[in-house]
Amino acid sequence: QGMNSACGMPLCCREANGPGNSSATSAGKWGDYKCDLNVPMWESLLAHVATLDIDYVFWTGDSPPHDIWMQTEDGQVSAVEYITESLVSVFGEDIKVIPSIGNHEGYPVNTFGPPPESAWLYDPLAAQWGYWLDDQAQQSLQYGGYFSMLLEDDLLVVSLNLNYCYNLNFYIYVNDTDPANMLRWLVDTLQSAEDAGQKVYVLSHMPPGITDCVSGWSNKYYEIINR
């Protein structure tokens, strides 16, 4: 609150931007449209959601702030940990939270190499999210940032790491076919779910088929889904 919302940077309202020069350029209690969500708004959101009748929470990533020029690996992990602890404190064991990884979790931003390049991120996330994920899901997350898990006997959730198709992840220009074996894994996972008579939710930060996801990968994904 009170930080400069017209700092001239891609993201403002941060402590490093200093206070605004007037009420028009000072972020209010609930933040500013030109800035990331602030802590009071986040806490108010959680307090409201906690009053609703919900079964599950799907958390689709991009937890760190968008001040990408100031980020570090430790800072990225800490940002996700803060969100994780917030969700645990509100929902406890009553409501299961299913996360996925966004492009802003990477460091540098958008950067996700083939296994084990991103172990610095996936290992601590598997530990943090162990509150909700079973052992098999944690192991898969540690490998490639994706996992599947039963929500009910007849309901499976699949959390994909779509950074492996993101056109700003330069690692995919080395291998854009299936850099973390996720598509092969998805085929096997969906086939097992079909054989068991299960319905499936597929969760990801960005949807396949948009221009951000390279067309070759998207086409393979939809061949799997639509077969």
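Report on the accompanying structure. (Residues numbered from 1 in each chain as written. Predicted model: local features only at pLDDT ≥ 70, side-chain atom pairs only at ≥ 80, totals over all residues. Heavy atoms only, no water.)

### Side note on the packing of aromatic side chains
Our working rule: The rule is short: rings of Phe, Tyr and Trp, with Trp giving its six-membered ring, pair when the centres are within 6.5 Å, and they are stacked under 30 degrees, edge-to-face over 60, tilted in between. Secondary structure elements follow DSSP: runs of H or I no shorter than four residues count as helices, runs of E no shorter than two count as strands, and numbering proceeds from the N terminus. Here's how the labels work: a residue is buried when its accessible area is under 20% of the maximum for its type, exposed when over 50%, partly exposed in between, all with a 1.4 Å probe on protein chains only.
Under the criterion given, the structure shown has eight aromatic pairs. With 6.4 Å between their ring centres and 90 degrees between their planes, Trp 59 and Trp 132 make a pair best called edge-to-face. With Trp 59 in strand E1 (residues 56-59) and Trp 132 in the loop between helix H3 (119-128) and helix H4 (135-144), the pair connects residues that are 73 residues apart, well separated along the chain. Here the two residues Trp 59 and Trp 132 agree in accessibility, since each one is buried. Ring centres of Tyr 131 and Trp 132 lie 6.2 Å apart, and the angle between their planes is 85 degrees; on these two criteria the pair is classed as edge-to-face. Owing to a relative accessible area of 39%, Tyr 131 belongs among the partly exposed residues under this scheme. Through pairs of rings, three or more aromatic residues link up here, namely Trp 59, Trp 129, Tyr 131 and Trp 132.

### Topic: the environment of Asp 55
As a reminder of what qualifies: For this analysis, residues touch if any pair of their heavy atoms sits within 4.5 Å.
Of note, Asp 55 is situated in the loop between helix H1 (39-49) and E1. According to the relative accessible area criterion, Asp 55 is exposed, its value standing at 57%. Remark: the alpha-carbon pair of Asp 55 and Val 97, spanning 42 residues in sequence, is separated by 9.4 Å. Look past the residues within four positions of Asp 55 in its chain and what remains in contact with it is Ile 95 and Lys 96.

### Some thoughts on the environment of Pro 179
Following the sequence through the fold, Pro 179 ends up in the loop between strand E4 (155-159) and helix H5 (182-195). Residue classification places Pro 179 among the buried positions, given a relative accessible area of 12%. When the C-alpha atoms of Pro 179 and Tyr 166 are compared, they prove to be 12 Å apart, with 13 residues separating the residues in sequence. Not counting the four nearest positions on each side in its chain, Pro 179 is found in contact with Pro 114, Pro 115 and Tyr 164.

### A closer look at the side chain of Thr 189
Inspection of the secondary structure assignment puts Thr 189 in helix H5. With residues up to four places along the chain from it excluded, the contact list for Thr 189 reads Ser 148, Leu 156 and Val 158.

### Some points on the layout of surface pockets
Operational definition: Of the two site types, the cavity is a set of points on a 1 Å grid over the protein atoms alone where a 1.4 Å probe fits but cannot get out, and the pocket is an open set with protein on both sides within 12 Å along at least five of seven lines, each lined by residues with an atom within 4 Å of a point. Grid points are joined across faces, edges and corners, and a volume is the space filled by probe spheres set on the points. Amino acids outside the nonpolar list (Ala, Val, Leu, Ile, Met, Phe, Trp, Tyr, Cys, Pro) and the charged list (Asp, Glu, Lys, Arg) are all regarded as polar, and Gly is one of them.
Here the largest pocket defines a volume of roughly 790 Å³. Along its surface, the largest pocket is lined by 35 residues, and Leu 37, Asn 38, Trp 42, Ser 63 and Ile 83 are the ones closest to its centre. Put simply, the parts of the chain that give the lining of the largest pocket at least two residues each are H1, E1 and helix H2 (73-91). Per-element accounting of the lining of the largest pocket gives the leading share, six residues, to H2. Taken together, the residues that form the lining of the largest pocket break down as 21 nonpolar, nine polar and five charged. Taken as a whole, the second largest pocket encloses approximately 200 Å³ of empty space. Together, 13 residues line the second largest pocket, and Gln 136, Ser 148, Met 149, Leu 156 and Thr 189 are the ones closest to its centre. Secondary structure elements with two or more residues in the lining of the second largest pocket: H4, strand E3 (147-152) and H5.

### Comments concerning the packing of H2 against H3
A pair of packed helices is characterised by two quantities: the angle between their axes and the separation of those axes. Rule in force here: Lines fitted to C-alpha atoms define the axes, with helix axes restricted to the stretch in contact, and inter-axis angles between N-to-C directions lie between 0 and 180 degrees. The labels follow the angle: roughly parallel below 35 degrees, roughly antiparallel above 145, roughly perpendicular from 65 to 115, and oblique for the rest. Crossings are classed by handedness, with left-handed meaning an anticlockwise turn of the near helix from the far one by less than a right angle and right-handed meaning a clockwise turn.
Two numbers describe how H2 lies on H3: the axes approach to 10 Å, and their chain directions differ by 20 degrees. With respect to H3, the element H2 is oriented roughly parallel. Regarding H2 and H3, the two cross each other, and that crossing is right-handed. Here Glu 73, Gln 76, Val 77, Val 80, Glu 81 and Thr 84 of H2 come into contact with H3, specifically with Trp 120, Leu 121, Pro 124, Leu 125 and Gln 128. Its residues assigned to classes, the contact of H2 with H3 comprises six nonpolar, three polar and two charged.

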